[in-house]
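# Architecture at a glance
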Amino acid sequence: MSAPMRVLVTGARGKVGSAAVRALVGRGHAVTGTDLGPPDYDPPPGAVPYVRADLTDAGQAYAVVRDVDAVVHAAAIPRPYLDPDPVVFTTNVAMSAHVVDACARNGVRRLVNVSSDSVCGITWARQPAPPAYLPIDEDSPDRPEDPYALSKQVSELLCDALVRRSACTAVSLRPTWVQTPETYERNLGPFLRDPDLASPMFWSYVDVADLADLVALAVAADTPGHEVVYAAAADNGAGRDLREAALAVHPGLDVRPLPRPDASAISSAKAERLFGWRPGRSWRDVLGG
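Taken as a whole and assessed by the stated rule, the structure comprises three aromatic pairs. The interplanar angle of 80° and the centroid separation of 6.0 Å between the aromatic rings of Y184 and Y205 together place this pair among those described as edge-to-face. Here Y184 is found in helix α5 (residues 184-193), whereas its partner Y205 is found in the loop between α5 and β8 (206-207), with 21 residues between them in sequence. Taken as a pair, Y184 and Y205 share a single burial class, namely buried. Between the aromatic rings of F202 and W203, the centroid separation amounts to 6.0 Å while the plane-to-plane angle is 75°, which identifies the pairing as edge-to-face. Across the pair, exposure class does not vary: F202 and W203 are buried alike. The residue whose ring lies beneath R13 is Y50, and the NZ or CZ to ring-centre distance is 3.9 Å.

Structural data, given as structure tokens:
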């Protein structure tokens, strides 16, 4: 186990941020959370310290992103089309820009940026193009179209700039559709019941607890520069034969060797290689099958 670190988690009350807090605390790190929600002015003993801050305000970002060894940046409007496009893009970019700049100015050593699989240009695209090949990996072309995906691509470019101008190193994680025990039935159940129900990302998903484990591993690792890694469960969320399903939709698609017939359409091999991460949770743990 690595030495305990002081870690700030942005978006600490969101789905990914709150799970990351639990994972980091479980590994002995001294964690502080920040988000837009009101603080508890009478917290119970042992509660994780929390500071309310609006990271679209540079001054507030600089005030909270300091006196820590690492930052996990999970704060974001988490998807497009439920807010006006300019709001999604400008909010996410402003937060990322301010967090990155504060990391550079305040001597933060490590930034783990929660990006998105949507950077590949499929998940939220209004007219998704077929993937260049399957499984999708970090060499696949980035073709973001929607405001959320574009904002996440910008966050990665900001991380590139961060490592060029400071001693901070960075990792951008590209999780696919994040599930919790409460969402499996609602989100994946329809695909399991209807074999004709399609998914542009071929039912790729990741369990939030597995993703939180990857966050904690990336925080503690010492990879240089800025690395970008995808994160997905080992299987797909419909239990389908990936090769068969992909070729039925995109005849002639380059489907490369798969680790299992029902594999995810996203490869997490780089995350395993760099951080020793192997997702261990499946929809089957909740829904059976």
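Alright, that's what it looks like, and here's the rest.
With that out of the way, let us pick up the sheet that holds strand β1 (residues 6-10). Taken in spatial order, the seven strands line up as β3-β2-β1-β4-β5-β6-β9 in an open sheet, and their pairing is parallel. A strand with exactly one partner marks an edge of an open sheet, and here the two such strands are β3 (50-52) and β9 (226-231). The average angle at which neighbouring strand axes cross in this sheet is 15°, direction not considered. Bridge count for β1 against strand β2 (residues 30-35) is five bridges, and the pairing is parallel.

Running from N to C, helix α1 (residues 15-26) and helix α6 (residues 208-220) point in directions that differ by 60°, and their axes come no closer than 8 Å. In terms of axis orientation, α1 runs oblique to α6. The hand of the α1/α6 crossing is right-handed. In this structure, α1 uses K15, V16, A19, A20, A23 and L24 to contact α6, whose residues at the interface are V208, L211, A212, D213, V215, A216 and V219.

Turning to empty space enclosed by the protein, a few remarks are in order. Once rolled over the atoms, a probe with the size of a water molecule shows which space is left empty. Inspection of the entire model under this criterion finds one cavity of 30 Å³ or more. Its volume calculated, the largest cavity comes out at about 50 Å³. As for the largest cavity, its lining consists of C120, I122, P131, A132, Y133, I136, S140, P141 and R143. Looking at the lining of the largest cavity residue by residue, the class counts come to seven nonpolar, one polar and one charged.

Let us now look at the packing of helix α3 (residues 85-105) against helix α4 (residues 147-165). Where α3 contacts α4, the axes come no closer than 9 Å and their chain directions differ by 15°. Here α3 lies roughly parallel to α4, going by the angle between them. In terms of crossing hand, the pair formed by α3 and α4 is right-handed. Between α3, through D85, V88, F89, N92, V93, S96, A97, V100, D101, C103 and A104, and α4, the contact on the second element is made entirely by P147, Y148, L150, S151, V154, S155, L158, L162 and R165. Among the residues forming the contact of α3 with α4, the class breakdown is 13 nonpolar, four polar and three charged.

Examined against the element boundaries, D142 turns out to sit in the loop between β5 (110-114) and α4. Classification of D142 by relative accessible area gives partly exposed; the value is 36%. On a C-alpha basis, the gap between D142 and V71 in space is 25 Å, while along the polypeptide they are 71 residues apart. Those residues in contact with D142 that lie beyond four places of it in its chain are V119, C120, Q153, R174 and Y230. Side-chain polar atoms of D142 contact the side chain of R174, separated by 3.1 Å.

Moving on to the side chain of D262. Topologically, D262 is positioned in the loop between α7 (242-249) and α8 (269-275). Relative accessible area serves as the criterion here: at 9%, D262 is assigned to the buried category. Within the structure, D262 has its side chain in polar contact with the side chain of R284 (distance 3.2 Å). Filtering out sequence-adjacent residues up to four positions away, D262 remains in contact with A234, D235, N236, G239, R240 and R284.

Relative to the elements of secondary structure, D117 occurs in the loop between β5 and α4. One buried charged side chain, D117, makes no salt bridge at all; its nearest oppositely charged neighbour is R174, positioned 8.5 Å away. Looking at D117, its side chain comes within polar contact range of the side chain of T123, at 3.1 Å. Beyond its immediate sequence surroundings of up to four residues, D117 is in contact with T123, R174, P175, T176, M201, Y230 and I266.

Moving on, we get to α7. Looking at α7, one finds that the buried residues are L242, A245 and A246. When α7 is viewed along its axis, its buried side chains cluster within an angular range of 95° and face the same direction. Exposed positions of α7 whose direction lies more than 90 degrees from the buried face are E244 and A248.

How each quantity is defined
- Residues numbered from 1 in each chain as written.
- Predicted model: local features only at pLDDT ≥ 70, side-chain atom pairs only at ≥ 80, totals over all residues.
- Heavy atoms only, no water.
- Phe/Tyr/Trp six-rings, centres within 6.5 Å; stacked < 30°, edge-to-face > 60°.
- Helix = DSSP H or I, 4+ residues; strand = E, 2+ residues; numbered from the N terminus.
- Buried < 20%, exposed > 50% of the residue type's maximum accessible area, 1.4 Å probe, protein only.
- Lys NZ or Arg CZ within 6 Å of the ring centre and 35° of its normal.
- Pairing = 2+ DSSP bridges.
- Axes fitted to C-alpha atoms, helices over the stretch in contact; angles between N-to-C directions.
- Parallel < 35°, antiparallel > 145°, perpendicular 65-115°, else oblique.
- Left-handed = near helix turned anticlockwise from the far one by under 90°.
- Contact = heavy atoms within 4.5 Å.
- 1 Å grid on protein atoms, 1.4 Å probe; cavity = no way out; pocket = protein on both sides within 12 Å on 5 of 7 lines; lining within 4 Å.
- Points joined across faces, edges and corners; volume = space filled by probe spheres on them.
- Nonpolar A, V, L, I, M, F, W, Y, C, P; charged D, E, K, R; others polar.
- Polar contact = N/O pair within 3.5 Å; in protein donor to acceptor, adjacent residues only side chain to side chain.
- Lys, Arg positive; Asp, Glu negative; His and termini not counted.
- Salt bridge = Lys/Arg side-chain N within 4 Å of Asp/Glu carboxyl O.
- Arc of directions from axis to C-beta.

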